[in-house]
Amino acid sequence: MDAQRLAALLADLVTRTGPYAPLLLFLASFVEYVFPPAPGDVLVVLGAWYAVRGEISWPASFAAATAGALAGAALDWRLGRWIGARLDERAARGALGRLGRQRLRSFEAGYRRWGGLLLVGNRFLPGIRGFFFLAAGASGVPLRQVLLYGGISAAAWNGLLLGAGALAAHSVDEMVELFQRYTAVAWAALAAVALAALAAAWRWRRER
């Protein structure tokens, strides 16, 4: 479904649900963490537009979108804990081999040390943010820490969207276009970082 159809759908739902419309933003944020292909970000962007225009409560929209993100992050973390437990069991049985165990422990230690940076920035990284919380759960990062960092990220992102709707956009189409431009830039930056990491890993293996 394209952005224009989503905009029309959200406008209709806002009209039908009235004060309960922020629940749509909660569900959109939640589902986007659990099923990354879902267009949750677009719905939140559109909701921000209606919030700053007074058709939806601004505080309720902000709180609903942030709470939805935290609920999705908590579910991802719980799934990550389950995956981590299964990997630990396999490591204990020797199914991963010595090198596999070493890599698993190294990843867990590294994520516990540096993963907070990814969690703080997760909401600004489209499509992959849920994996950071899976990794946090698998690495044994405490849930309270995950929710703190995830909450900071979600609050900053939702505040940015609401600010863009109030100050930068003059129509819902312009709001969506701004978001799509940001998404394209974010994906390009992620691709560049991934290529740089692969190049560094390849160089390190050759040197070894």
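Presented here is a report on the structure given in the accompanying data block.

Parameters at a glance
- Residues numbered from 1 in each chain as written.
- Predicted model: local features only at pLDDT ≥ 70, side-chain atom pairs only at ≥ 80, totals over all residues.
- Heavy atoms only, no water.
- Helix = DSSP H or I, 4+ residues; strand = E, 2+ residues; numbered from the N terminus.
- Contact = heavy atoms within 4.5 Å.
- Core = buried A, V, L, I, M, F, W, Y, C linked by side-chain atoms within 4.5 Å.
- Buried < 20%, exposed > 50% of the residue type's maximum accessible area, 1.4 Å probe, protein only.
- Salt bridge = Lys/Arg side-chain N within 4 Å of Asp/Glu carboxyl O.
- Phe/Tyr/Trp six-rings, centres within 6.5 Å; stacked < 30°, edge-to-face > 60°.
- Lys NZ or Arg CZ within 6 Å of the ring centre and 35° of its normal.

Looking at the side chain of S139
Tracing the backbone through its elements, the reader meets S139 in helix α6 (residues 129–139). For S139, the contacting residues outside a window of four places in its chain are F107, E108, Y111 and R112.

Describing the nonpolar core
One finds Y33, Y111, L119, F133, A136, V141 and V146 to be the most contacted residues of the largest nonpolar core, which totals 13 residues. Broken down by secondary-structure element, the contributors of at least two residues to this core are α4 (58–92), α5 (97–121), α6 and α7 (143–167). In contact with F133, not counting residues within four places along its chain, are Y33, A73, D76, W77, L119, N122, V146 and G150. L25, A28, A65 and L161 belong to the second-largest nonpolar core, a separate cluster that totals seven residues.

Some words on the pattern of salt bridges
For the structure shown, the criterion picks out two salt bridges. Note that R129 and E32 form a salt bridge whose closest N and O atoms lie 2.7 Å from each other. Highlighted residues: R129 in helix α6 and E32 in helix α2 (residues 22–34), separated in sequence by 97 residues. Of the two residues examined, R129 and E32, each falls in the buried class. Several salt bridges converge on common partners, so that one network encompasses E32, R123 and R129.

Brief notes about the packing of aromatic side chains
Considering all chains together, one arrives at two aromatic pairs under this definition. When the centroid spacing of 5.6 Å and the interplanar angle of 65° are considered together, the rings of Y33 and F133 count as edge-to-face. With Y33 in helix α2 and F133 in helix α6, this pair connects stretches of sequence that are 100 residues apart. On the accessibility criterion, Y33 (2% relative accessible area) is buried. Note on F124 and W157: the rings are 5.3 Å apart at their centroids and 85° apart in plane angle, and the pair reads as edge-to-face. With F124 in the loop between α5 and α6 and W157 in helix α7, the pair connects residues that are 33 residues apart, well separated along the chain. In this structure F124 comes out as partly exposed when scored by relative accessible area, which is 24%. Cation over ring: R129 sits above Y33, and NZ or CZ is 6.0 Å from the ring centre.

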